[in-house]
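Structural overview
As a plain string of letters, each chain reads:
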Amino acid sequence: MEKIVSLCKRKGFIFQSAEIYGGLNGCWDYGPLGAELKRNLKEYWWRVNVQERPDIVGMDGAILTHNSVLVASGHVNGFTDPLCDCLLSKERLRADQVPAQSGTAFWWKGAAKKDGSWSTKKEFSMLVPDAEDKNAKTARKCALQYYSQIAGKGVQPADLELLEETTEQVVDSVRYNPANGSLVTEARSFNLMFKTTIGATSDENDPASTGWLRPETAQSIFCQYKNILDSSRMKIPFGIAQIGKSFRNEINPRNFTFRSREFEQMEIEYFCKEEDGFRLTDEWLETCLTFYENIGIPRDKIHVLDVPEDERAFYSKKTYDLEYMFPFGLQELQGVAYRTCYDLTRHQEGSGKPMEYFDEATRERFIPHVVEPSAGCDRTVLAVLCEAFDEEELGTDGKSDIRTVMRFHPRMAPIKAAIFPLLKKNEEQVRISHEIEAALRPYMNVFYDEAGAVGRRYRRQDEVGTPFCITVDFETLGEGGDELKDTVTIRHRDSMEQERVAIKDLLHWLLKRIH
């Protein structure tokens, strides 16, 4: 994972947001190559789910969300995670993700300055594997650090002594930070949404001026369901798709871009009759697996978890989690959830506006049920990066030669083709190379490079995942005979094999392979 993160920064895929100021935790900026990769993913998702399907339309909802929308959906009162703080490091942790640990717990009733000028009766504890001398010393050292923090500025650990030390054996305790063994605070609810006020004279205590940065894209789809149904004349079953930013004030952002405070979703709400809900959930599962195959993540790399009933949202009758084995473990990429009619019913109750669908064939009115395929765009980009990353040993005779290569599927690759003149001092080769670049650029992202030996240029393109390198050489100029004149060498990234293609056929040849 460290190699992938390093490559992302070095080659311009992903940067830490506000890095020059120390970084904004949980927020990331996509550089030139990262922006292209993410755009390719979103455009392909939109093409296969909206453009190529007659039963799905798109929308783009506002990020700022009306307070009443999230009250009705249950987010204002229920969108929380249990939070606890490490007493020693002040790190915030998800209480439900603190692992159970066993060992020897050292407890102290408090601490006091050796000169008698300050004392506290505040309890503190450290968990260590056992009571060996070295572990006991570590525990006492950390305890002194903790008490020096609360004693005030200028108080050093050496100025203090610990009071009333005791030990006990604990089994499967979740009260200690696994990173340092420190006691954590009792769990408390933490609202994950970003709250804001709307209007020039807004008052934080005025519910009418309260707004939120949306925690998911789904609610804007449900709120606009009736308008889209009426204006687009869709018939059930049909879907509404949206790609957009969502915001969650994550307690502990981690694992690079996997868990962030600002992220992008690719989401569909597919409206149907109740009797079709389970069947469509299974159909959407297959559609999603096919999508991942088509962006370069093999089906056998996706683990499908049929979420047990006691772990599903209370309104869900069926949920599949599609999980990918990242370098940091098996984690969710996408969910396919059968949400029943819960959301539309809540918004009908909250707004007083009808959300029913009128079936002209049966003359019945009903609130549609919903199947929701919801994918994390940033998580999928990260999975594509992890799947593409490869280090290949090409050395011979005992000499090491490691080629770093990003094996992106051509439709995902940020740069589709690189164009090289064999010699930058050959004016004719340079002229033809620029002409090829100009001809291809309206149709795809290409890169012109004339610096260094061709082999070195190939390696640079391998490292950013360019699938095809086009070289204008002496044969292009006719020096190898008329048969090869006006042709170029195309070198394939994965196999490193080369073939010759006529310049006039280049555009069609490339479009066929990157679409």
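Residues numbered from 1 in each chain as written. Predicted model: local features only at pLDDT ≥ 70, side-chain atom pairs only at ≥ 80, totals over all residues. Heavy atoms only, no water.

**Thoughts on the pattern of salt bridges**
How we decide: We count a salt bridge whenever a side-chain nitrogen from Lys or Arg sits within 4 Å of a carboxyl oxygen from Asp or Glu. Helix numbering and strand numbering both begin at the N terminus, where a helix is a DSSP run of H or I of at least 4 residues and a strand a DSSP run of E of at least 2.
Counting across every chain of the model gives 45 salt bridges. Of the charged contacts in the structure, one is a salt bridge between R94 and D81, with a shortest N-O distance of 3.1 Å. Here R94, found in strand β6 (residues 92-94), pairs with D81, found in strand β5 (residues 80-85); they are 13 residues apart in sequence, far enough to count as distant. Notably, a salt bridge pairs D494 with R407, separated by 3.3 Å at the nearest N-O pair. Separated by 87 residues along the polypeptide, D494 in the loop between β27 (487-492) and β28 (498-502) and R407 in the loop between β23 (402-406) and β24 (417-421) bring together distant segments of the chain.

**Structural notes on the nonpolar core**
Counted only if it meets this: Definition used in this section: a nonpolar core is a set of buried Ala, Val, Leu, Ile, Met, Phe, Trp, Tyr and Cys residues joined via side-chain atoms within 4.5 Å. Only protein chains enter the accessibility calculation, which uses a 1.4 Å probe. A residue is then buried if its area is under 20% of the maximum for its type, exposed if over 50%, and partly exposed in between.
The biggest cluster of nonpolar side chains holds 55 residues, and the ones touching the most others in it are F13, Y292, I295, L322, L385 and F408. Of the residues forming this core, the biggest block, 8 residues, is contributed by helix α9 (residues 377-388). Counting residues in hydrophobic clusters, the runner-up holds 25 residues, among them A105, A139, C142 and V170.

**Considerations on the sheet that holds β6**
To be explicit about the condition: Two strands pair under a simple rule: DSSP has to find at least two bridges between them. To obtain each axis, a line is fitted to C-alpha atoms, and for helices this fit is confined to the stretch in contact; angles are then taken between N-to-C directions over 0 to 180 degrees.
Read across the open sheet, the 3 strands follow the order β6-β5-β11; overall the sheet is antiparallel. Of all strands in the sheet, those bounded by a partner on one side alone are β6 and β11 (188-191). Sheet twist, expressed as the average angle between the axes of neighbouring strands with direction ignored, equals 50 degrees. Where β5 and β11 come together, 4 bridges link them in antiparallel fashion.

**Section: the environment of E2**
Residue placement: E2 occurs in helix α1 (residues 2-11). C-alpha of E2 to C-alpha of F256: the two residues are 254 residues apart in sequence and 9.6 Å apart in space.

**Some thoughts on the sheet that holds β28**
Our working rule: Contacts were defined at the residue level, with two residues in contact if any of their heavy atoms lie within 4.5 Å.
Spatial strand order, β25-β24-β26-β27-β28: 5 strands in an open sheet with mixed pairing. Edge positions in the sheet fall to β25 (446-448) and β28, since each of these pairs with one other strand and no more. Pairs of neighbouring strands in the sheet enclose a mean axial angle of 25 degrees, with direction left out of account. Across 5 bridges, the pairing between β27 and β28 is antiparallel. Bridge pairing in β28 places V488 opposite V501. Relative to β24, helix α10 (residues 427-440) is tilted by about 160 degrees, and along the sheet it contacts β24, β25, β26 (468-472) and β27. Across the sheet, helix α11 (residues 454-464) is in contact with β24, β25, β26, β27 and β28; its angle to β24 comes to roughly 165 degrees.

**Observations concerning helix α12 (residues 506-514)**
Selection criterion: This arc is taken over the directions from the axis of the helix to the C-beta atoms.
Among all positions in α12, only L506, W509, L510 and I514 are buried. The buried residues of α12 occupy an angular sector of 110 degrees when the element is viewed end-on, so they sit on one face. With respect to the buried face of α12, the exposed residues turned more than 90 degrees away are H508 and K512. Where α12 is buried, its residues meet β24, α10, β26, β27 and β28.

**Quick notes on the packing of helix α6 (residues 218-232) against helix α8 (residues 342-351)**
This is how it is decided: Roughly parallel covers angles under 35 degrees, roughly antiparallel covers those over 145, roughly perpendicular covers 65 to 115, and oblique covers all other angles. Each crossing gets its hand from how the near helix is turned against the far one by less than a right angle, where anticlockwise is left-handed and clockwise is right-handed. Polar here means any residue outside two lists: the nonpolar Ala, Val, Leu, Ile, Met, Phe, Trp, Tyr, Cys and Pro, and the charged Asp, Glu, Lys and Arg; Gly therefore counts as polar.
Where α6 contacts α8, the two axes come as close as 10 Å, and the packing angle between them is 65 degrees. Relative to α8, the element α6 is oriented roughly perpendicular. The chirality of how α6 crosses α8 is right-handed. Note on element contacts: α8 touches α6 through D343, L344 and H347, opposite Q219, F222, C223 and Y225. Considering only residue class, the contact of α6 with α8 consists of 4 nonpolar, 2 polar and 1 charged.

**Thoughts on unusual backbone geometry**
The omega angle of the peptide bond from I236 to P237 is 0 degrees, so this bond is cis rather than trans. If you trace the backbone, P237 turns up in the loop between α6 and β14 (238-247). Although it is not a glycine, K90 sits at a positive phi angle of roughly 70 degrees. On the secondary structure map, K90 appears in the loop between β5 and β6. For K90, a relative accessible area of 48% puts it in the partly exposed group. The backbone of T340 sits at a positive phi, close to 55 degrees, despite the residue not being glycine. On the secondary structure map, T340 appears in strand β18 (residues 329-340).

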